[in-house]
Amino acid sequence: LTKNIFVRSAQWKAAGETPQAIHVVRGFIRGKLKNYRKCLSQNQRDHSELKLEPAITQIASIIAKLEKADNINSLRGLEGAGSAAYFGVFNQLIRAEGFVFKPRHRPATDPVNSLLNFGYTLLRHDVQSAINIVGFDPYLGYLHVQRYGRVGLAFDLMEEFRAVVIDSMILKAINQRVLTPNDFEVEPLSNVVRLSETGRREFLTLYEKKKQSEFKHPVLGRKCTYREAFEIQARLLAKYLMGEIDLYPPLVLR
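Draft legend 1. Up close: the environment of Val24. Looking at the secondary structure, you find Val24 in helix α2 (residues 19–46). The exposure class of Val24 is buried, given its relative accessible area of 0%. When the C-alpha atoms of Val24 and Ala238 are compared, they prove to be 11 Å apart, with 214 residues separating the residues in sequence.

This is the structure in structure tokens:
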């Protein structure tokens, strides 16, 4: 832990069904669902044959309901519904033979879920590093229920980055044949699917490149890398909880 007791104090004071906790949970989910919607909308524009409009409309409708939800469990329900709509059409985003998306599960028994699980694990580690730098207690989250050993705040903050960092990277790698079915291995007894050593090295290279890629931060109005954005969002969260800014702005790409 860092020496910043003030950040952790503000974090703990906001725990539970407080207005601050409800506000940041709403922000995490809004960021996640808006980035889901952007991903689907972009694919619909680029590939008119896809049938993504019903899911896009459904996600937009769920986003509109976020402001009316006044407790964290209700917000969790909306997050679940939005994620179900997104992953319900995820298979349409895959345009390479040998890859079929199956419902989300751990451990993975198909290549796509194997990539998503691996990618989200890497993302969680990086977001956890960012919140440690800022001074948070990583185990106290707001959206994710407290559980022994779970870094709840890291899981909370990474929600905004799932689609824009991991999902987009994986879809590009699959559709451009950077990764192929030959890059995976199946464990004989459990049928768990994992990347081969070669595939894992390729995936890690892709992830490092993605983290170093630049975009214009919608709040700061300047270019930054995704690696920098992890810490930027953590600092914005700290500023909100400490009363230095009025609202927490989730990362939503334009």
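Draft legend 2. Quick peek at the layout of surface pockets. Considering only enclosed or pocket space, the largest pocket measures out at about 370 Å³ in volume. Lys38, Cys39, Gln42, Asn43 and Ser168 are, among the 19 residues lining the largest pocket, the residues nearest its centre. Among the secondary structure elements, those contributing two or more residues to the lining of the largest pocket are α2 and α7 (162–175). Of the volumes computed, that of the second largest pocket is approximately 300 Å³. Around the second largest pocket, the lining comprises 15 residues; the ones closest to its centre are Arg104, Arg106, Asn117, Tyr120 and Arg162.

Draft legend 3. Spotlight on helix α4 (residues 72–88). With 17 residues, α4 ought to run about 24 Å at 1.5 Å a step, and its terminal C-alpha atoms sit 24 Å apart, in line with that. Turning to α4, its buried residues number three or more, namely Ile72, Leu75, Leu78, Glu79, Gly82, Ser83, Ala85, Tyr86 and Phe87. Looking at the buried side of α4, the elements it contacts are α2, α3 (53–65), α5 (111–134) and α7.

Draft legend 4. Spotlight on the packing of α2 against α4. Put simply, α2 and α4 touch, their axes get as near as 10 Å, and they point 10° apart. Taken as axis vectors, α2 and α4 run roughly parallel relative to one another. Touching Ala21, Ile22, Val25, Arg26, Ile29, Lys32, Leu33, Tyr36, Cys39 and Leu40 of α2 are Ile72, Leu75, Arg76, Leu78, Glu79, Gly82, Ser83, Tyr86 and Phe87, all from α4. Grouping the constituent residues of the contact of α2 with α4 by class yields 13 nonpolar, 2 polar and 4 charged.

Draft legend 5. Spotlight on the nonpolar core. Ranked by size, the top nonpolar core spans 85 residues in total, and within it Leu40, Tyr86, Phe90, Phe136 and Leu241 carry the most contacts. In this view, Tyr86 contacts Tyr36, Cys39, Leu40, Ile59, Ala163 and Asp167; residues no more than four positions away in its chain are not counted.

Draft legend 6. Broad picture of a nonpolar patch on the surface. Together, Ile5, Phe6 and Met242 make up an exposed nonpolar region whose accessible area comes to about 320 Å². Mapped onto the fold, Phe6 is located in helix α1 (residues 5–13).

Draft legend 7. Seen up close, unusual backbone geometry. Not every positive phi belongs to a glycine, and Arg177 is a case in point at roughly 60°. Locating Arg177 in the fold gives a position in the loop between α7 and β1 (184–186). Residue classification places Arg177 among the partly exposed positions, given a relative accessible area of 46%. In this structure, Asn191 is a non-glycine residue whose phi angle is positive, near 65°. Residue classification places Asn191 among the partly exposed residues on the basis of a relative accessible area of 43%.

Draft legend 8. Focus on the pattern of salt bridges. A complete count under the given rule lists 12 salt bridges for this structure. A salt bridge links Arg30 to Glu67, with the nearest nitrogen and oxygen atoms 2.3 Å apart. With Arg30 in helix α2 and Glu67 in the loop between α3 and α4, this pair connects stretches of sequence that are 37 residues apart. Here Lys211 makes a salt bridge to Glu208, at a shortest N to O gap of 3.1 Å. Here the residue Lys211 and the residue Glu208 both occupy positions in helix α8 (residues 197–212), the gap between them amounting to 3 residues, near one helical turn. Relative accessible area serves as the criterion here: at 3%, Lys211 is assigned to the buried category. Glu208 gets classed as partly exposed once you look at its relative accessible area, which sits at 35%. Each of Lys32, Glu79, Glu159 and Arg162 takes part in salt bridges that share partners, so that together they form one network.

Draft legend 9. Region of the structure containing the side chain of Asp167. Its location among the elements puts Asp167 in helix α7. Buried charged residue Asp167 carries no salt bridge. Nearest counter-charge: Arg162, at 6.8 Å.

Draft legend 10. Expanded view of the packing of aromatic side chains. As enumerated under the stated definition, the model contains 12 aromatic pairs in all. Among the aromatic residues, ring-to-ring pairing joins Tyr36, Tyr86, Phe87, Phe90 and Phe101 into one connected group.

Draft legend 11. Quick peek at the environment of Ala229. Assignment of secondary structure puts Ala229 in helix α9 (residues 226–241). Residues Ala229 and Ser48, spaced 181 residues apart in sequence, show a C-alpha to C-alpha distance of 32 Å. If sequence neighbours within four positions are ignored, Ala229 has contacts with Phe161, Phe215 and Cys224.

So, how was this worked out
Residues numbered from 1 in each chain as written. Predicted model: local features only at pLDDT ≥ 70, side-chain atom pairs only at ≥ 80, totals over all residues. Heavy atoms only, no water. Helix = DSSP H or I, 4+ residues; strand = E, 2+ residues; numbered from the N terminus. Buried < 20%, exposed > 50% of the residue type's maximum accessible area, 1.4 Å probe, protein only. 1 Å grid on protein atoms, 1.4 Å probe; cavity = no way out; pocket = protein on both sides within 12 Å on 5 of 7 lines; lining within 4 Å. Points joined across faces, edges and corners; volume = space filled by probe spheres on them. Expected span 1.5 Å × (residues − 1). Contact = heavy atoms within 4.5 Å. Axes fitted to C-alpha atoms, helices over the stretch in contact; angles between N-to-C directions. Parallel < 35°, antiparallel > 145°, perpendicular 65-115°, else oblique. Nonpolar A, V, L, I, M, F, W, Y, C, P; charged D, E, K, R; others polar. Core = buried A, V, L, I, M, F, W, Y, C linked by side-chain atoms within 4.5 Å. Patch = residues over 30% accessible without salt bridge, like charges linked within 9 Å, V, L, I, M, F, W, Y side chains within 5 Å. Areas by Shrake-Rupley, 256 points an atom, 1.4 Å probe, with all protein chains shown as cover. Salt bridge = Lys/Arg side-chain N within 4 Å of Asp/Glu carboxyl O. Lys, Arg positive; Asp, Glu negative; His and termini not counted. Phe/Tyr/Trp six-rings, centres within 6.5 Å; stacked < 30°, edge-to-face > 60°.

Shape descriptors only; they carry no functional weight alone.
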